[in-house]
Amino acid sequence: MKRSVSLSINGRAHSVDVEPRALLVQVLRDDLYLTGTHIGCDTSQCGACTVLLDGRATKSCTTLAVQAEGHEITTIEGLAQGGELHPMQNAFWEKHGLQCGFCTPGMILSCIDLLESNPDPSEAEIRHAIEGNLCRCTGYQNIVSAVQAAAVAMRGAPVRTTA
Amino acid sequence: MIPVQFDYVRATSLNDALKTLAGGDGTKVIAGGHSLIPLLRFRLAQPAKLLDIAGIKELSGISEYKRGLRIGAATTYRDILDSALVRDRYQVMMDATSGIGDVQVRNRGTIGGGVAHADPAADMPGVLLALGASFNLRSKRGKRVVAARDFFQGTFATALAEDELLIDMVVPPLPRGGASAYVSIEQAASGYALAGAAVVVKCSRKTVTECSLALTGLSDRAFLAEAAAKLLVGTKADPDTLQRVGAAAVEGIEITGDIHAPAEYRRHLAAVVVGRAIRAAIDRV
Ligand SMILES: Cc1cc2nc3c(=O)[nH]c(=O)nc-3n(C[C@H](O)[C@H](O)[C@H](O)COP(=O)(O)OP(=O)(O)OC[C@H]3O[C@@H](n4cnc5c(N)ncnc54)[C@H](O)[C@@H]3O)c2cc1C
Ligand code: FES
Ligand code: FES
C-alpha cells in the first residue's frame, strides 16, 4: 500500500514511496538518511525527534509522513547555511549546551521555534518552551544560557565566548 | 512501535469529509494525531482508514460570535494561545491551554481532537463545561447542537456518532465584570491533570454573586459541580467556605485511583485545585 509522497525538507523537494502508517521520523531517518533527527522514546514525550513543520516544533514520531505532505519541514541538517552554523547551534557550542548530544537536534529546533515567536524570552519562558525536550545530561542550565545567548545573537549582536 | 496498515485520505472539503464518514466503513478522523497516533502505535486502535481533516478551512480559526466566541474544532492549542480574543476574555482557557502537554503537543494538537477523544484527564473539557459551551456537530444526516454537559459521556465516550464531525464550539461571554481561572495538578511526565478545576465567578463588593465550577482528571469524565458552586454564592470565599466547596465538588463522584494517584489523594487534590482556582479567579475580578 505504498504511495508516492512529496516532502519539502530543508528547502528541497523529495519524493518518497511510503506506507500511510510510516511515521515522519522513520522516513527522515530510514529513507532519506537524515539521521540527525533522533528517536528517544515510544511515548511521544522526549522530543528527541523534534523537527520544524512550517516553522513550528513538531514531534516527528507523532506525525505521519503523509500528514507532512504540503508542509515545509526543517531538520537539524537544514540549519547551517554555507558552512556557517545557525546562531542557535553556535550558542549551544559556545555555552556548552550539550554533553552527549542526543537531545540536541530536537532541543535546538524547539528553541528556534521559541525565538521566532518570542525574540527576548525570560528564563521562565525558555524553561516552559523546552518542557517537551528531555535532556539526561546537562541539567538544562547551560541550555538556558545558550538560548539567552542565541536570543542576543539573533537580535543582531554576535555570541560572546566565555572562558 | 509501528501501527498496523491503514489507508489514508485527505478531505478536500467539509462536504467531502462528511460524505466519506457516511460510508460506514469504520473510517477514523485524524486532526493533529496527538491522541490517535500514540493509540495506533500501541495498536490500541486499528482503523482501516484515516480521514485527515486538518486542511479543511471551515474547521479552524477563532471568531467572535454572539458576544462570545466560536472556536473551530481543528484549531490548534498554539492558535488558541496566540489569539488576542481568548487572551482578553477567557483567562480560564489560556491557563488550561498553556499547561497542555508541551510546545510540540500544543503546536499539533487541536481543541476538537482533545474534546472528541474525551480523555478523562484532559484539561479542556472542564474549561468548556465551566464556560457553558455548546458544540456544533454535523453529518450527512444533518446538524445538531449538543451542550458540553451532555457531550462528555464517559472515558473516551462522547455524544459524537461514528459518521459525525465536531465542527466548532461556541463559548458564551463571561458574566459582565466576571473573571475565570483554571488550576490543575499535573501528572509529571505527561502534563495530564490528576485534578483540575475550571472556575468562572462574578463578585459584588467582594461577595461572590455567580459561580460556575467544573472538574477534570478525577473520574471517568469531566463534570460540572453545580451544588458546590452554589455553596460559594453569597460568601466572601473565606478559607472555611473554600474547604466546604472543595469537599462538595466531589460528593457522589466515583473518584479514580490508578498508578499515578490513589483515589484518596485525588480527593485531596480536588479540594486544593478548587480552592486555588476560585481564589485565582476572584483575584482577577
Ligand atoms: C505527550 C503528550 C502530552 C499531552 N498532554 C496533555 C495534557 O497535559 N492535557 C491534555 O488535555 N491533553 C494532553 N495531551 C493530549 C492532546 O491534548 C490531544 O492529543 C490533542 O488535543 C488531540 O487533538 P488532535 O488534533 O491531535 O486529535 P487526533 O489525535 O487527531 O484525534 C483524537 C480523536 O478525536 C477524533 N477527532 C478529532 N477531530 C475530530 C472532529 N473534528 N470531529 C470528530 N472527531 C474528531 C479522532 O477521530 C480521534 O478519535 C497530550 C498528548 C501528548 C502526545
Ligand atoms: S521520539 Fe520521543 S517524543 Fe518523539
Ligand atoms: S546532552 Fe545528553 S541528553 Fe541532552
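Procedures and definitions
Residues numbered from 1 in each chain as written. Chains lettered and ligands numbered in written order. Predicted model: local features only at pLDDT ≥ 70, side-chain atom pairs only at ≥ 80, totals over all residues. Heavy atoms only, no water. Helix = DSSP H or I, 4+ residues; strand = E, 2+ residues; numbered from the N terminus. Buried < 20%, exposed > 50% of the residue type's maximum accessible area, 1.4 Å probe, protein only. Contact = heavy atoms within 4.5 Å. Areas by Shrake-Rupley, 256 points an atom, 1.4 Å probe, with all protein chains shown as cover. Lys, Arg positive; Asp, Glu negative; His and termini not counted. Charge placed at Lys NZ, Arg CZ, Asp CG, Glu CD. Phe/Tyr/Trp six-rings, centres within 6.5 Å; stacked < 30°, edge-to-face > 60°. Lys NZ or Arg CZ within 6 Å of the ring centre and 35° of its normal. Near = heavy atom within 4 Å. Polar contact = N/O pair within 3.5 Å; in protein donor to acceptor, adjacent residues only side chain to side chain. Nonpolar A, V, L, I, M, F, W, Y, C, P; charged D, E, K, R; others polar. Core = buried A, V, L, I, M, F, W, Y, C linked by side-chain atoms within 4.5 Å. Domains from an automatic or database assignment. Pairing = 2+ DSSP bridges. Axes fitted to C-alpha atoms, helices over the stretch in contact; angles between N-to-C directions.

**Some words on the overall build of chain B**
Of the regular secondary structure elements, chain B holds twelve helices and 14 strands. Of all 285 residues assigned to chain B, the portion counted as buried reaches 56%. Relative to all contacts within chain B whose residues are 6 or more apart in sequence, the contacts with residues 24 or more apart total 61%. A total accessible area of about 12,200 Å² is found for chain B, and carbon and sulfur atoms account for 50% of it. Charged side chains in chain B number 34 positive and 29 negative. The centres of these two groups are separated by 5 Å.

**Considerations on the packing of aromatic side chains**
All names here are of chain B. Scanning the model with the defined rule gives three aromatic pairs over all chains in all. Geometrically, the ring pair formed by Phe151 and Phe152 is edge-to-face, given 5.2 Å between the ring centres and 85° between the ring planes. Judged by its relative accessible area of 6%, Phe152 is buried. Among the aromatic side chains, those forming a connected cluster through ring pairs are Phe135, Phe151 and Phe152. Lying across the ring of Tyr65, Arg70 places its NZ or CZ 4.2 Å from the centre.

**A few points about the site of ligand 1**
Neighbouring residues of ligand 1: 32 residues in total, closest Val29, His34, Ser35, Tyr77 and Thr110 of chain B. One finds residues of chains A and B in close proximity to ligand 1. Within the side chain of Lys28 of chain B, an N or O atom sits 3.0 Å from an oxygen atom of ligand 1. Here an oxygen atom of ligand 1 sits 3.4 Å away from a polar atom, N or O, in the main chain of Gly114 of chain B. Those elements giving two or more residues to the shell around ligand 1 turn out to be strand E2 (27–30), helix H7 (111–117) and strand E10 (165–171) of chain B. For the shell around ligand 1, a count of residues per class yields 15 nonpolar, 14 polar and three charged.

**Comments concerning the environment of Gly112 of chain B**
Residues and elements named next belong to chain B. Relative to the assigned elements, Gly112 resides in helix H7. With relative accessibility at 6%, the residue Gly112 sits in the buried group. Beyond its immediate chain neighbours, meaning those up to four positions away, Gly112 contacts Ala73, Leu166 and Met169.

**Describing the nonpolar core**
Note on soluble globular proteins: their nonpolar side chains tend to be buried together. Residue and element names in this part refer to chain B. Grouped together as the largest cluster of nonpolar side chains are 41 residues, with contacts concentrated most on Met93, Ile111, Val115, Val127, Leu128, Leu131 and Phe135. Examining the composition of this core, we find that five residues originate from one element, helix H8 (residues 124–130), more than from any other. Counting contributing residues, this core receives three or more from each of domain 2 (57–171) and domain 3 (178–284). Residues within four places of Phe135 in sequence aside, it is in contact with Val115, Leu128, Arg144, Val145, Val146, Ala148, Phe151, Phe152, Leu166, Asp168 and Met169. Formed by 35 residues, the second largest nonpolar core is a distinct cluster that contains Ala181, Ala195, Ala261 and Ala281.

**Section: the sheet that holds strand E2 (residues 12–18) of chain A**
Residues and elements named next belong to chain A. Taken together, five strands build an open sheet; the order of strands is E2-E1-E5-E3-E4 and the sheet is mixed. A single partner strand is all that each edge strand has here, and the edge strands are E2 and strand E4 (56–59). Adjacent strand axes in the sheet meet at a mean angle of 45° when their direction is disregarded. In terms of strand pairing, strand E1 (residues 3–9) meets strand E5 (residues 72–74) through two bridges, oriented parallel. Bridge pairing in E5 places Ile9 opposite Ile73. The sheet strands contacting helix H4 (residues 104–117) are strand E3 (50–53), E4 and E5, and the helix crosses E3 at an angle near 35°.

Note that all results are geometric; they support no functional claim without further evidence.
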